[in-house]
Every structure is written in structure tokens, then in C-alpha cells.
Amino acid sequence: MVDPPAAVVLPMVLGSLGLYLTFYLLHKKRRPRPLEYVGTVKELYFHPIKSCRGVTLQEAECTWMGLRAHGMYDRQFLLCDPSDGNRVVNLKRKCRLALVTSKMGENCDEIEISFPGMEKLTLPKAPSTDCTNKIVCNNWTIDFDAVDCGDAAAEWINKALETNRPLRLVYAVSGMAERAAGFVNEDGDIIAGDDKKLAPQFVLPEQCTVNLLSQASLDELNKRLESDVSIRHFRPNVVVEGCSPNDEDSWEEIVINEASFFQFDLAERCFITTIDPDNPEVGHYKKEPLVTLRTYRRKPGWDGPVFGVRLGLRHRGSIKVGDKVYARRKLSYSYGI
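Note that the structure is predicted; figures quoted are calculated from it, not measured. (Residues numbered from 1 in each chain as written. Predicted model: local features only at pLDDT ≥ 70, side-chain atom pairs only at ≥ 80, totals over all residues. Heavy atoms only, no water.)

(A) Fine view of the overall build of the protein chain. Of regular secondary structure, the protein chain possesses four helices and 24 strands. Every one of the 337 residues in the protein chain was classed for burial, and the buried ones make up 49%. At a minimum sequence separation of 6, the contacts of the protein chain that also span at least 24 residues come to 71%. Accessible surface for the protein chain amounts to roughly 17100 Å². Of this, 52% is attributable to carbon and sulfur atoms. (Helix = DSSP H or I, 4+ residues; strand = E, 2+ residues; numbered from the N terminus. Buried < 20%, exposed > 50% of the residue type's maximum accessible area, 1.4 Å probe, protein only. Contact = heavy atoms within 4.5 Å. Areas by Shrake-Rupley, 256 points an atom, 1.4 Å probe, with all protein chains shown as cover.)

So, in C-alpha cells, the structure goes:
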């Protein structure tokens with residue numbers, strides 16, 4: 001028979017132990033997982049005009065509106081189609097966009113746009129804004145404000161693309177209505193977000209501030225293909241080297257120099273990846289690398305395979321080629337096959 005004092009003390013001890021273990025486990029679960037070195041920045045890509053050829057950078061500033069370099073934001077220019085409700089025109093509709101190149105300089109107020117066999121088009125990096133040239137465009141899910149670059153620019157781009165549709169070149173102005181990246185719900189629908197802490201802000205890219213892909217992931221893909229594809233097929237902003245293939249899937253938080261990011265989602269890939277950036281009008285009938293990616297990079301419920309990651313910004317800062325990349329991994333992750 002237990003003595004009365006022991007009968008009182010024992011439950012108290014066991015209860016205290018239970019509370020301590022509960023507190024310990026909860027505290028341990030909430031403690032942030034350590035950052036670990038995962039690689040280095042191999043390349044930085046910047047796309048002054050959406051869907052057109054990107055340019056390489058040595059350094060860029062990471063902002064809420066995307067990468068910024070030479071006084072411009074990533075994808076600050078784009079094409080829209082007035083005959084289709086000012087809907088955005090991308091490589092899916094005009095693959096010749098891949099041959100449109102741009103040149104910019106830090107100490108120059110102009111951007112130079114070129115296309116094979118045509119004279120160059122020169123535009124101000126920041127076209128003037130007045131009440132007559134504002135335009136509302138649509139990016140399939142969200143309307144956003146922009147500035148029309150004028151008839152001369154429209155005539156040039158329509159001639160380059162050999163289109164009979166009245167496409168317009170537009171520019172997103174800092175200070176006009178911004179838009180937030182959309183969250184993808186359980187049904188796969190994109191839901192617009194308004195809080196920078198919850199959804200990354202950006203100018204004209206689709207769905208994320210920064211797109212990251214590792215060189216190892218590309219190398220693994222090319223081992224499975226009959227003909228290699230380049231990193232430019234996937235149009236990333238940041239290319240990381242030194243990690244294992246598809247390791248970026250598990251990176252929940254990423255720190256590069258002064259900037260830090262969170263993984264918004266895996267990057268779902270579409271028909272655009274089949275367009276050869278150097279010869280866009282041939283070759284995509286083979287549907288590679290999309291067909292091969294679907295054999296080992298499927299995510300249940302998604303139409304396209306996943307390859308690389310979409311990032312939102314937590315803290316602004318500059319990044320450059322050669323910077324070390326650190327990541328905090330997810331507790332668990334699986335994209336499925």
C-alpha cells in the first residue's frame with residue numbers, strides 16, 4: 001500500500017514530467033532548422049522584355065518587384081494584344097520573341113532593342129507617363145497597369161514578329177498599381193495575395209519574384225535526353241552550382257549574400273521549354289524536354305512537370321555571381337511521380 005505522501009507526490013512528478021516533455025517537444029519543433037551551405041551562384045539572368053532573350057549579369061539587386069539592374073526591373077517591358085483584351089503575349093503565341101535582344105547600360109537612360117536583319121530600336125528605360133498612354137493589361141489571372149511605348153515601338157515589334165495582329169509594347173512604371181503573386185490553392189486555382197509577407201510582389205513575371213534552377217538538375221536532365229538543352233530553355237533568374245540534382249526542391253528558405261527568399265512553389269513547366277532560344281521556329285514539334293521531364297518530375301494534380309523553384313523575397317539585398325548559397329530545408333517534401 002502506497003503511503004499517502006507518495007500517493008500525492010507521484011502524480012505530481014509524473015504530471016510535471018509530462019508537461020516538461022510536451023514543452024520540450026513543442027519548443028524543439030518550433031526552433032528554426034539551421035542554414036546549410038548548398039552551393040554558389042553560377043549565373044544571373046535578367047529579362048528586360050518578357051519572353052525575349054535574357055542577358056547575363058554579374059550582380060543584381062533583389063527587390064519586392066523582382067531583380068533590378070541598370071535602373072530597370074526584370075521583365076519590366078512586355079507585349080500585349082489589344083484585339084484580345086490587352087492580354088499578355090508570350091513565347092507560346094510568338095516564338096520569334098526569343099530572338100529579340102536588348103542591351104542596357106548603367107549610365108545610359110535608354111534601352112537598345114534588336115532583331116536579326118532589322119535596324120535597332122532605342123527606347124527610354126523609363127518612358128514618360130501621362131493620362132493618354134496608360135493601359136490596363138491582363139496576364140490571364142490578374143489585371144495590371146502599364147504604359148504604352150508608342151506607335152513607333154509597336155510598328156517595329158510587329159514587323160520583327162511578322163504578325164498581322166496589332167501588338168503593343170508596354171512598360172510597367174514603378175509607383176503604378178502593383179500586383180502580388182498568386183497562391184495556388186488545393187484546386188490548382190491562382191489566388192491573388194496582397195500582403196508582402198505572404199505573397200511576393202513583382203512587376204510583370206508570372207507568379208513569382210525570382211526563378212531558381214540548379215546546374216545539377218539541368219545536367220541530370222541532359223543525361224536522359226538525346227540532345228542537350230541549355231539553361232536558357234527554362235529562363236531562370238538564378239542558377240546555382242555545387243548541389244545535387246533537384247536538391248533545390250527541399251530548400252524552404254534561401255539566403256544569398258544580403259538577400260533572403262522563401263520557396264513559393266516548385267516551378268511547373270510548360271510548352272515554352274520546348275522552344276529553342278537560338279532557333280525558336282524549329283524543333284519544338286519534338287516536345288522535348290517536356291516529354292522526358294514528365295517521366296520523372298511529375299507532381300500529382302499538376303499538368304506540367306516541375307523543374308526548379310519559384311521564390312518570394314523576405315529581405316532585400318544584392319546578390320552576385322560567386323556568392324555562397326545557404327538554405328534551410330523543409331521538414332519533409334515530396335512532389336511525387
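(B) Molecular detail of the environment of Gly312. Note on placement: Gly312 falls in strand 22 (residues 306–315). Each C-alpha atom of the pair Gly312 and Trp64 lies 8.2 Å from the other, and the pair is 248 residues apart in sequence.

(C) Here's a closer look at the sheet that holds strand 10 (residues 121–124). Strands sit in the order 8-9-10 across an open sheet of three strands; the sheet is antiparallel. Every interior strand has two partners, whereas the edge strands, strand 8 (101–104) and strand 10, have only one. Pairs of neighbouring strands in the sheet enclose a mean axial angle of 25°, with direction left out of account. In this sheet, strand 9 (residues 110–114) lies alongside strand 8 in antiparallel orientation, the contact comprising four bridges. Bridge pairing in strand 9 links Met104 to Ile111. (Pairing = 2+ DSSP bridges. Axes fitted to C-alpha atoms, helices over the stretch in contact; angles between N-to-C directions.)

(D) Region of interest: the confidence of the model for the protein chain. Taken as a whole, the protein chain shows an average pLDDT of 83; of its residues, 76% reach a score of 70 or greater. This stretch, residues 177–202, has a pLDDT under 50; its non-local contacts, to residues over four places away or in other chains, come to 64 contacts. (pLDDT = per-residue confidence, 0-100.)

(E) Summary view of the nonpolar core. Ranked by size, the top nonpolar core spans 57 residues in total, and within it Phe77, Ile113, Leu123, Leu169, Val238 and Phe261 carry the most contacts. Among the elements that make up this core, the one with the highest residue count is helix 2 (residues 151–161) (five residues). In this view, Leu123 contacts Phe77, Asp109, Glu110, Ile111, Ile113, Cys149, Ala153 and Leu169; residues no more than four positions away in its chain are not counted. Ranked by size, the runner-up nonpolar core spans twelve residues in total, among them Leu221, Val239, Leu293 and Phe307. (Core = buried A, V, L, I, M, F, W, Y, C linked by side-chain atoms within 4.5 Å.)

(F) Fine view of empty space enclosed by the protein. Summed over the entire model, instances satisfying the criterion amount to two cavities of 30 Å³ or more. In this structure, the largest cavity encloses a volume near 120 Å³. In this structure, the largest cavity is lined by 13 residues; those nearest its centre are Gly54, Arg232, His233, Arg235 and Pro277. Class assignment for the residues of the lining of the largest cavity results in seven nonpolar, three polar and three charged. (1 Å grid on protein atoms, 1.4 Å probe; cavity = no way out; pocket = protein on both sides within 12 Å on 5 of 7 lines; lining within 4 Å. Points joined across faces, edges and corners; volume = space filled by probe spheres on them. Nonpolar A, V, L, I, M, F, W, Y, C, P; charged D, E, K, R; others polar.)

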